[in-house]
Amino acid sequence: MSRTLWLGAALTALFVGAALLSFVWTPHDHTAMAIAQRLKPVGTEAHLLGTDHFGRDILSMIMVGARTSIAVALVAVGIGMALGVPLGLAAAAARGGWLDEIIMRGNDLIFAFPSLVIAILITAVFGPGAVNAIIAIGIFNIPVFARVARGAALSLWAREFILAARVAGKSTARISAEHILPNILNLLIVQGTIQFSLGILAEAGLSYVGLGAQPPTPSWGRMLADAQTMVSFAPHLALVPGFAIILTVLGLNLLGDGLRDALDPRLRRAR
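Calculation notes
Residues numbered from 1 in each chain as written. Predicted model: local features only at pLDDT ≥ 70, side-chain atom pairs only at ≥ 80, totals over all residues. Heavy atoms only, no water. Core = buried A, V, L, I, M, F, W, Y, C linked by side-chain atoms within 4.5 Å. Buried < 20%, exposed > 50% of the residue type's maximum accessible area, 1.4 Å probe, protein only. Helix = DSSP H or I, 4+ residues; strand = E, 2+ residues; numbered from the N terminus. Contact = heavy atoms within 4.5 Å. Axes fitted to C-alpha atoms, helices over the stretch in contact; angles between N-to-C directions. Parallel < 35°, antiparallel > 145°, perpendicular 65-115°, else oblique. Left-handed = near helix turned anticlockwise from the far one by under 90°. Salt bridge = Lys/Arg side-chain N within 4 Å of Asp/Glu carboxyl O. 1 Å grid on protein atoms, 1.4 Å probe; cavity = no way out; pocket = protein on both sides within 12 Å on 5 of 7 lines; lining within 4 Å. Points joined across faces, edges and corners; volume = space filled by probe spheres on them. Nonpolar A, V, L, I, M, F, W, Y, C, P; charged D, E, K, R; others polar. Phe/Tyr/Trp six-rings, centres within 6.5 Å; stacked < 30°, edge-to-face > 60°.

A. Fine view of the nonpolar core. Ile-62, Ile-180, Ile-184, Phe-196, Ile-200 and Trp-220 are the most contacted members of the largest nonpolar core, which totals 39 residues. Element by element, the count of residues in this core is highest for helix 2 (residues 58-94), at 10 residues. Residues in contact with Ile-184, not counting those within four places in the same chain, are Leu-89, Ala-149, Ala-152, Ala-153 and Leu-156. By size, the runner-up hydrophobic cluster in this structure holds 12 residues, among which are Val-72, Ala-136, Ile-137 and Ala-202.

Structural data, given as structure tokens:
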């Protein structure tokens, strides 16, 4: 296994472990305010990463915020994969037919509206919240997985083993499920890790503008928004969640690159 894969897995495991640990333990109650302990710097004995302007423990908020970001991004990627992959396989099976054209033009229509714009539209109707952020990010992931699945599947439909399956009388849907999908699964896994990291960034961006998880639920993006007026005298309020986002996204991207190298047989032969 490559160093890239190991490093990416280690960084990802660090934040996933922190998120899971937050279900049963955090150093302090992440909602407890102690004005007398406000704006404590990093390294304080009782507060390892300091406190915010309400006296809340930042390490506890980072741990619970990791849970929020990972949950939103994971469910959103799951929505995109569950809906996008079947659409991509159907488009590839149609290969230039009317179904392929409808699916691809629908993808283009979604791509014309960034996830932030979609989130604003959804929020205008249903109000801000983590569920609406999941829906917005998930909708944007659908065409991504559809295009990846379609592009990978198109290269397989002319292969000999697919022709043999058609001669054997298997239906298009069965061929897609039994022969096409297993052969493109490695690409979908790698794309899933990339979209996972983008989902965390999108959740942070939506929370930053007030469209993501709402107080008192901590969110890395909201922590950055709350810290922007206090950076000059309490920089740790912005640096800690900022580094959390950077390291998590970096870890997921390295994990995706490492998985691509490990799962792609052409790259293994090149090495």
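Moving on from the model shown.
B. Geometry of the packing of helix 2 against helix 3 (residues 98-111). Interhelical geometry of helix 2 versus helix 3 gives an angle of 140 degrees and a closest axis separation of 7 Å. Regarding the angle of helix 2 to helix 3, the classification is oblique. Crossing angle aside, the handedness with which helix 2 passes helix 3 is left-handed. Of helix 3, the residues touching helix 2 (which contributes Leu-87, Ala-90, Ala-91 and Ala-94) are Leu-99, Asp-100, Ile-103 and Met-104.

C. Region of the structure containing the pattern of salt bridges. Here the structure, examined in full by the defined rule, presents 8 salt bridges. Residue Asp-108 is joined to Arg-105 by a salt bridge in which the shortest nitrogen-to-oxygen separation is 2.9 Å. One end of the pair is Asp-108 and the other is Arg-105, both in helix 3 and 3 residues apart, which spans about a single turn. Note on Asp-108: relative accessible area 28%, which makes it partly exposed. On the basis of relative accessible area, Arg-105 is assigned to the partly exposed category, the value being 41%. Across the pair Asp-261 and Arg-260 runs a salt bridge, and its minimum N-O distance is 3.4 Å. By relative accessible area, which is 39% here, Arg-260 ends up partly exposed.

D. View of unusual backbone geometry. Across the junction of Pro-215 and Pro-216, the peptide omega takes the value 10 degrees, indicating a cis bond. At Arg-95, a residue that is not glycine, the phi angle is positive and equals roughly 45 degrees. In this structure Arg-95 comes out as partly exposed when scored by relative accessible area, which is 38%.

E. Here's a closer look at empty space enclosed by the protein. Tallying each qualifying case throughout the model produces 2 cavities of 30 Å³ or more. Of the voids in this model, the largest cavity is the one considered here, and its volume is about 80 Å³. As for the largest cavity, its lining consists of Asp-52, His-53, Arg-56, Ile-58, Met-61, Met-223, Asp-226, Ala-227, Met-230 and Leu-237. Listed by contribution, the elements that provide at least two residues to the lining of the largest cavity are helix 2 and helix 8 (220-227). In terms of residue count, helix 8 provides more of the lining of the largest cavity than any other element does, 3 residues in total. Here the lining of the largest cavity is composed, by residue class, of 6 nonpolar, 1 polar and 3 charged. Within this model, the second largest cavity holds a volume of roughly 30 Å³.

F. Main features of the packing of aromatic side chains. Within the structure shown, the criterion is met by 2 aromatic pairs. Each ring, one from Phe-15 and one from Trp-220, has its centre 5.9 Å from the other, and the planes form 75 degrees; the classification is edge-to-face. In this pair, Phe-15 sits in helix 1 (residues 3-21) while Trp-220 sits in helix 8, placing the two residues 205 residues apart along the sequence. Of the two residues, Phe-15 and Trp-220, both sit in the buried class. Each ring, one from Phe-111 and one from Phe-140, has its centre 5.8 Å from the other, and the planes form 90 degrees; the classification is edge-to-face. Here the residue Phe-111 occupies a position in helix 3, and Phe-140 occupies one in helix 5 (residues 130-154), the gap between them amounting to 29 residues.

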